[in-house]
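Residue-level structural notes
These are the residues of each chain, in order.
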Amino acid sequence: MNEIVDELQRRLAEATDPAERIDLMIGIIAKTSHEAPGDARKLAAKALRIARSLGDGARVARSMNCVGICEFQMGDKRSSYKWHQRAEEVARECGSDDGMRVAAHGMGMVHGADGEHARAIECFERSVELAHIIGARSKEANGLSALGCIYLESGNYGRALEHFLRAGEILAGSDEPVIACDIAMNTGIVYAELGDREKACEHYREALDMARSAGSRALQISPLTNLGNILFEQGDSAGALEHYRHALELSAGLGDGGKDLYALMNIGFLYLDTGAHDMALQVLREALPIARELDNAATWRIVFGIGRCHAELKEYPAAFEWLGNALEGSRRFDQPETEVRVHETLSISHEALGDVAKSLEHFKLMAELKERLWGRDQQRMVARLRVREEMERAAGEREILRREKEKLEVEMEHRTRELTSMALHLVEKNQFLDGLRKEMSDVVQSLDGAARPKVKGLMRQVDGNIGGGEEWRAFEAQFEKVHNDFLKRLAARSPDLSRAELKVCALLKINLSTKEIAAMLASSDRTIGNHRYRIRKKLGLNEDVNLTTHFAAL
C-alpha cells in the first residue's frame, strides 16, 4: 500500500496538467483516508479548489465526495452527509453517474452508522443501480456487500446472504481480491449465524485463499480467527489453537495493536477453557498492557480472565483482587456480560472456601443480572423485528416504484422510437421534395407558354412544404414531452441561442447527423456547420467537446 501511495505522490509532484493532478490526489485519498483522514481531508480540499477553478463539474463532485469520506472517517457524520449531498447535486447537474453513485454510497454509510437501516438500504440500492448503469462491476459488488452488511446487522440473514452471494458472483474471477475477500468473509458470517458451520468454513477458507493471493497478512487474520472459533465450538481445541497462533504470527509487525490483542485473547481464553490455566495466565497477562494502552473495552474481560485463572489454581487472595477489579471496571463501563461471569466465579470461589453467605450473595447478584440481560435481549429482539418489518415495508414500496419506473422507461422508449421515426420521416420527405423541386427546375427550362407558370406554381408549393412549420411544431411538441422540456430549459439557460440554433440542438440530441439536420431544416450542410460553431461558442464549449454527447447528458 505504501509503495502505491509513494508512486502516486511521485507522479503528483511531476504532474503539471490540473485535471491529472486532481485525479492523482483522489487516488492518494482513496488509499490514505482510512489511516490518515486528516491529511487526506486537506488533500481533498486542495483537489476541490483546483476542480472549481477548472469548472470541471465531474471532478468537483468527485472531490466533494472525497471530503465527505474523510469527514466520515474523522467521525463527523453530519458534515460527511452534507458533503455527499452537495456532491450528488453537482454530479446530477453535470450528468456524472459515477459522482452520484459515490454520493449515494457515502450517504448510505452515514445512515447505516446512525442505525437508519431503511434509509441506508435506499441509498445503497441507488448506488448499486448507478454502478450497474456505468458498468462498474467492482463498485456494484461493493454496493451489494454494503446492503448485505445492513441486512446482517438487522438480523435479516436471508436477505444478507442473497446480497453477499450476488456480490461474490459479480467478482468471480476478477482482480479485486480485497473486496472479494471481504465479501467471502461476510458470507461465511451469515452461514455461521444460520448454523451452517460447513458452509461458513467453506467461505472463510475462500476468504483466506484470496487474502493470501493478494499478499495481505492483515486480511488473513479474520478468516483464520473465525475458522479457529468454529473449530473450538466443534471441540477441536488443537485445531483452533493452531489457527489462533497463526493469526498472532501474522499480526506481529503490522503495528495494529488491536489485532495483536484479540489474537492473544483468543489463545488465552482457549487455554482457560481447556484447563491450561498457567498458560492462560501467561498469555492474558501479555494481552492486558496492550488493552490498557489502547483503552480497549476488552480490558475488563482480560482482568476477569486473569482472576479466574487464579481461582482455578486455588490462589484465592490473588483471584479476589483481580475479580474485584474486574467487577468494578465492568460496572463502571457497563459490561454486564463480564459482570455476570465475575459474580459466577466469585460465587464458586467463596463456596470452595466454605463461605456460603458470600457465595449466595454473588449467586443472587448473578441471577438478577442474568434476568435483566434476558429482558434486554428480548427488547432488542423486538426492536430488531420492528426494524426488519420497516425494512420489508420499505422494500415493498421500492419494488412498486421500481416496477412503475420500468413501465415509464418502456413508455419512454416507445415515445423515443416514435420521435426518431417522425424525424427520419421528415428528413426523407424533405429530401424527396428537394429532389422533386430540382427535377421540376430542370423541366421548367424546356417549357414555354402556359405550362411554365403552372409548373413554377407547383414548385412554390413544394418549397412551402419543405421544412413545413406545422410538421415541425408537431415534432417539437412530441420532442418536449419525451425530453422533459429540453428546449425550454436550454433557452432559459442560454437565452442568446437563436430559434434555428435551438432546432439544431434538439436534432443533435436525438443523434441526427449534419446531413440529416440540413435535410430536415431545408438548409445546407455548411449552414448547419455554422450553427454548430455558434452553438458551441454561446455555450462556452471547447472544440473537443462532442455536441451530441453533451446534449445527450442534459
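Residues numbered from 1 in each chain as written. Predicted model: local features only at pLDDT ≥ 70, side-chain atom pairs only at ≥ 80, totals over all residues. Heavy atoms only, no water.

A word on the overall build of the chain
A tally of helices and strands in the chain yields 26 helices and zero strands. Buried positions account for 43% of the 554 residues belonging to the chain. In the chain, once contacts between residues fewer than 6 apart in sequence are set aside, the share between residues at least 24 apart is 55%. A total accessible area of about 29,900 Å² is found for the chain, and carbon and sulfur atoms account for 50% of it. (Helix = DSSP H or I, 4+ residues; strand = E, 2+ residues; numbered from the N terminus. Buried < 20%, exposed > 50% of the residue type's maximum accessible area, 1.4 Å probe, protein only. Contact = heavy atoms within 4.5 Å. Areas by Shrake-Rupley, 256 points an atom, 1.4 Å probe, with all protein chains shown as cover.)

Focus: the packing of aromatic side chains
By the definition in use, this model includes four aromatic pairs. Measuring from centroid to centroid gives 5.8 Å for Phe479 and Phe486, while their planes differ by 80°, and the two rings are edge-to-face. When the centroid spacing of 5.9 Å and the interplanar angle of 90° are considered together, the rings of Phe486 and Phe551 count as edge-to-face. Note that Phe486 is positioned in helix H22 (residues 486-493) and Phe551 in helix H26 (residues 547-552), a separation of 65 residues in sequence. Like Phe486, the residue Phe551 is buried in the burial classification. Members of the aromatic cluster, connected to one another through ring pairs, are Phe479, Phe486 and Phe551. Positioned above the aromatic ring of Phe269, the side-chain terminus of Arg301 is 4.2 Å from the ring centre. (Phe/Tyr/Trp six-rings, centres within 6.5 Å; stacked < 30°, edge-to-face > 60°. Lys NZ or Arg CZ within 6 Å of the ring centre and 35° of its normal.)

Quick notes on a negative patch on the surface
On the surface, Asp196, Glu198, Glu202, Glu206 and Asp209 cluster together into a negatively charged patch. With respect to the helices and strands, Asp196 occurs in the loop between helix H10 (177-193) and helix H11 (197-213). The exposure class assigned to Asp196 is partly exposed, which follows from its relative accessible area of 30%. (Patch = residues over 30% accessible without salt bridge, like charges linked within 9 Å, V, L, I, M, F, W, Y side chains within 5 Å. Salt bridge = Lys/Arg side-chain N within 4 Å of Asp/Glu carboxyl O. Lys, Arg positive; Asp, Glu negative; His and termini not counted. Charge placed at Lys NZ, Arg CZ, Asp CG, Glu CD.)

Some details on the packing of H10 against H11
In contact at an axis separation of 8 Å, H10 and H11 are set at 165° when each is read in the N-to-C sense. As judged from the angle between their axes, H10 and H11 are roughly antiparallel. Crossing angle aside, the handedness with which H10 passes H11 is left-handed. On H11, the residues touching Pro177, Ala180, Cys181, Ala184, Met185, Thr187, Gly188, Ile189, Tyr191 and Ala192 of H10 are Lys199, Ala200, His203, Tyr204, Glu206, Ala207, Met210, Ala211 and Ser213. Split by residue class, the contact of H10 with H11 holds 13 nonpolar, four polar and two charged. (Axes fitted to C-alpha atoms, helices over the stretch in contact; angles between N-to-C directions. Parallel < 35°, antiparallel > 145°, perpendicular 65-115°, else oblique. Left-handed = near helix turned anticlockwise from the far one by under 90°. Nonpolar A, V, L, I, M, F, W, Y, C, P; charged D, E, K, R; others polar.)

A closer look at the pattern of salt bridges
Enumeration according to the criterion identifies 20 salt bridges in this entry. Among the salt bridges present, the one from Asp98 reaches Arg101, with a minimum N-O distance of 2.9 Å. Remark: Arg101 and Asp98 occur in helix H6 (residues 97-113); sequence separation between them is three residues, near one turn of the helix. Residues Arg308 and Glu312 are paired through a salt bridge, measuring 3.6 Å at the closest nitrogen-oxygen approach. Separated by four residues within a single helix, Arg308 and Glu312 lie in helix H16 (residues 299-312), roughly one turn from each other. The exposure class of Glu312 is partly exposed, given its relative accessible area of 38%.

Some words on helix H15 (residues 277-294)
Across its 18 residues, H15 extends 25 Å between first and last C-alpha, which sits within 8% of the 26 Å expected from 1.5 Å per residue. Every buried residue belonging to H15 is among His277, Ala280, Leu281, Val283, Leu284, Ala287, Leu288 and Ala291, and all of these are buried. On its buried side, H15 packs onto helix H14 (257-273), H16 and helix H17 (316-332). With its phi angle positive at about 55°, Asp295 sits one or two positions after the end of H15. (Expected span 1.5 Å × (residues − 1).)

Here's the deal with the packing of helix H12 (residues 217-233) against helix H13 (residues 237-251)
Viewed as axis vectors pointing N to C, H12 and H13 meet at an angle of 165°, and their least axial separation amounts to 8 Å. Taken together, the axes of H12 and H13 are roughly antiparallel relative to one another. Both H12 and H13 take part in a crossing whose hand is left-handed. Within the contact between the two elements, H12 uses Arg217, Gln220, Ile221, Leu224, Thr225, Leu227, Gly228, Asn229, Leu231 and Phe232 and H13 uses Ser237, Gly239, Ala240, His243, Tyr244, His246, Ala247, Glu249, Leu250 and Ser251. Tallied by class, residues from the contact of H12 with H13 come to nine nonpolar, nine polar and two charged.

Digging into helix H9 (residues 157-171)
Helix length check: H9, at 15 residues, gives a terminal C-alpha distance of 21 Å against a target of 21 Å (1.5 Å per residue), a fit within 8%. By the burial criterion, the buried members of H9 are Tyr157, Ala160, Leu161, His163, Phe164, Ala167, Ile170 and Leu171. Immediately downstream of H9, the backbone of Gly173 shows phi near 75°, a positive value.

Observations concerning unusual backbone geometry
Non-glycine residue Asp334 carries a positive phi angle of around 55°. Tracing the sequence through the fold places Asp334 in the loop between H17 and helix H18 (336-352). Residue Asp334 is classed as exposed on the basis of its relative accessible area of 65%. Despite not being glycine, Asn511 has its phi angle at roughly 70°, a positive value. With respect to the helices and strands, the residue Asn511 is situated in the loop between helix H23 (499-509) and helix H24 (514-520).

Section: the environment of Val5
Turning to its location among the elements, Val5 is positioned in helix H1 (residues 2-14). Owing to a relative accessible area of 9%, Val5 belongs among the buried residues under this scheme. Sequence-wise, Val5 and Ile28 are 23 residues apart; in three dimensions their C-alpha atoms are separated by 5.9 Å. Setting aside residues up to four positions removed in sequence, Val5 forms contacts with Ile28, Lys31 and Thr32.

Some points on the confidence of the model for the chain
For the chain, per-residue confidence averages 86 on the pLDDT scale, and 89% of positions sit at 70 or higher. The least confident element of the chain, judged by mean pLDDT, is helix H20 (residues 451-465) at 63; the most confident is H16 at 95. (pLDDT = per-residue confidence, 0-100.)

Some words on the side chain of Ser96
Note that Ser96 resides in the loop between helix H5 (77-94) and H6. Leaving out residues up to four positions away in the same chain, Ser96 has contacts with Ala58 and Ala91.

What about the side chain of Ser145?
Here Ser145 shows up in helix H8 (residues 137-153). The contacts of Ser145, once residues within four sequence positions are left out, are Phe164, Ala167, Asp182, Ile183 and Asn186.

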